[in-house]
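This is what each chain is made of:
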Amino acid sequence: MTVSDLKLPAVTPTDSIDWKAIPSPAFVLDESRLRRNLALISHVQRESGAQIIVAFKGFAMWKTFPLLREYGITGATASSLNEALLAKEEMRGEVHVYAPAYSEAEFPLILDLADHLVFNSFSQWERFRPQVEAARAAGKELHVGLRVNPEYAEVETDLYNPAGPFSRLGVTRREFRPELLDGIDGLHFHTLCEKDSDTLERTLEVVERNFGEFLPHMKWVNFGGGHLMTRQGYDLERLIRVVRAFREKWGVHVILEPGSAFGWQTGWLVSSVLDVVHNVKDIAVLDISVSAHMPDVLEMPYRPRILGARDPGEGQETHREAHDYYPYIIGGTTCLAGDVVGEYVFDHPLNIGDRVVFDDMIHYTMVKTTFFNGVKHPDIGILHMDGTYERVKTFGYGEFKAKLS
């Protein structure tokens, strides 16, 4: 079956949603859009023969995990003890764990939870190998892997480049120690960031060149995350072909662990206007924070889309004549001077109470929020297939205080 043969779920049109009926602020996941992504991911898993698991660092909305299981997603990848606990308690499938380093205090707990355990260095493997061997001797079925760094990536932003100069993530070929591979049955690499399958294909050529001599001794290879297979235009057929070819060539089980692909374009951050002030330009102050609730806007950086708004200068002359050109700087509610998204143009004046809806705010955004400045944290809600809205989580003083001492 090809992608063109798939019958994907219809998605809820944004212009049919009553945004005023959703309490502000709120992260809102749309079930119809999530189901569409899951149908695509399930197709790739079925046709490629790879195992696709969800990376909690990108998507960890555990209220949706029953839906993931419905589409054949059988595991999750965790980068900490807390994420491993969440995987065991709520995902209820295989627990894959990788972290740049494990501590003595937490490792026994992680070891107990993990089905797949990946080490970032040979020194970590040597340090914790006795505990791994003891667990295996006691009957625990555990796959153990090593992260490698192929020193090849096509990531434009240094902050998100795992294979950049002097990276601490993974073992390079020149630091590789084949004599310590006894007990290791898999390799793991992660060098992609929201890339297409052609980048994966080029990356695999480098992985094979640098580490191919060790692949015949492995049972599995984890291709990491960054496979944005649910983005419109992504070459899914190439991905399927590349994974199949690698599996057949090396006789290994292949694992993919995307995060963004699950939550991509599945929902919004709904906010409302608290005030409009003027300082040469009109500035709308919203009931959300860019730094606390949309940190990637500042870190990446990138410019999020606002429903119903456009960029300054876009159709400026035409719209000015039609009297629907209203530019505003959009800012957050914290005391941070730089808590600003940027300038957008609306076709109507913004008034206190108006909703401002940021698009594509589920993947990564939700997992990176903070309680900075004590500002109200957005709710978490789900817009269901029948059009009903479920408010699944609201935050208050208790969560803010519990985070502090």
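Before any of the text, the structure's been laid out above.
Residues numbered from 1 in each chain as written. Predicted model: local features only at pLDDT ≥ 70, side-chain atom pairs only at ≥ 80, totals over all residues. Heavy atoms only, no water.

Caption draft 1: Quick peek at the packing of helix α6 (residues 197-211) against helix α7 (residues 236-250). With their axes 9 Å apart at the nearest point, α6 and α7 run at an angle of 20 degrees to one another. Here α6 is positioned roughly parallel relative to α7, judged by the angle of their axes. Read as a crossing pair, α6 and α7 show a hand that is left-handed. Here Ser197, Asp198, Leu200, Glu201, Leu204 and Glu208 of α6 lie close against α7, whose contacting residues are Arg238, Leu239, Val242, Phe246, Lys249 and Trp250. (Axes fitted to C-alpha atoms, helices over the stretch in contact; angles between N-to-C directions. Helix = DSSP H or I, 4+ residues; strand = E, 2+ residues; numbered from the N terminus. Parallel < 35°, antiparallel > 145°, perpendicular 65-115°, else oblique. Left-handed = near helix turned anticlockwise from the far one by under 90°. Contact = heavy atoms within 4.5 Å.)

Caption draft 2: Representation of the pattern of salt bridges in the model. A complete count under the given rule lists 27 salt bridges for this structure. Ionic pairing is found between glutamate 154 and arginine 202, a salt bridge with its closest N-O pair at 2.8 Å. Within this pair, whereas glutamate 154 is found in the loop between β7 (143-147) and β8 (186-188), its partner arginine 202 is found in helix α6, the two being separated by 48 residues in sequence. Note on glutamate 154: relative accessible area 21%, which makes it partly exposed. Overall, the relative accessible area of 32% leaves arginine 202 in the partly exposed class. Note that lysine 376 and aspartate 379 form a salt bridge whose closest N and O atoms lie 3.9 Å from each other. With a relative accessible area of 1%, aspartate 379 lands in the buried category. Here the residues in one salt-bridge network are Glu31, Arg35 and Glu70, joined through shared partners. (Salt bridge = Lys/Arg side-chain N within 4 Å of Asp/Glu carboxyl O. Buried < 20%, exposed > 50% of the residue type's maximum accessible area, 1.4 Å probe, protein only.)

Caption draft 3: Inspection of the nonpolar core at higher detail. One finds Leu117, Phe119, Phe223, Met229, Ile330 and Phe358 to be the most contacted residues of the largest nonpolar core, which totals 102 residues. Among the elements that line this core, the one with the most residues is α7, at 7 residues. What isoleucine 330 contacts, discounting residues up to four positions off in sequence, is Ala284, Leu286, Ile306, Val340, Val341, Gly342, Tyr344, Phe346, Leu350 and Phe358. Grouped together as the second largest cluster of nonpolar side chains are 10 residues, Ile17, Val28, Trp268 and Val357 included. (Core = buried A, V, L, I, M, F, W, Y, C linked by side-chain atoms within 4.5 Å.)

Caption draft 4: Geometry of the sheet that holds strand β5 (residues 94-98). Across the sheet, which stays open at both edges, the 9 strands sit in the order β2-β10-β9-β8-β7-β6-β5-β4-β3 with parallel pairing between neighbours. Edge positions in the sheet fall to β2 (51-52) and β3 (54-55), since each of these pairs with one other strand and no more. Inspection of the sheet shows β7 paired to β8 by 3 bridges, in the parallel sense. From the neighbouring strand, leucine 146 faces β8, where its bridge partner is leucine 187. The strands touched by helix α3 (residues 81-91) within the sheet are β3, β4 (75-78) and β5, with β4 carrying the most contacts at an inclination of about 165 degrees. (Pairing = 2+ DSSP bridges.)

Caption draft 5: Representation of the environment of aspartate 311 in the model. Secondary-structure assignment places aspartate 311 in the loop between α10 (296-299) and α11 (316-321). The partly exposed category is assigned to aspartate 311, whose relative accessible area is 36%. Separated by 16 residues in the primary sequence, aspartate 311 and proline 327 place their C-alpha atoms 8.8 Å from one another. The contacts of aspartate 311, once residues within four sequence positions are left out, are Arg303 and Val345. Within the local environment of aspartate 311, its side chain forms a polar contact with the side chain of arginine 303, the two groups lying 2.9 Å apart. (Polar contact = N/O pair within 3.5 Å; in protein donor to acceptor, adjacent residues only side chain to side chain.)

Caption draft 6: Just the environment of leucine 383, in detail. Looking at the secondary structure, you find leucine 383 in strand β16 (residues 379-383). Residue classification places leucine 383 among the buried positions, given a relative accessible area of 6%. Sequence separation between leucine 383 and valine 345 is 38 residues, and the spatial gap between their C-alpha atoms is 27 Å. Once you skip the residues sitting within four places of it in the chain, leucine 383 turns out to touch Thr12, Ile17, Val28, Leu29, Asp30, Glu31, Trp268, Thr388 and Tyr389.

Taken by themselves, the reported measurements are silent on function.
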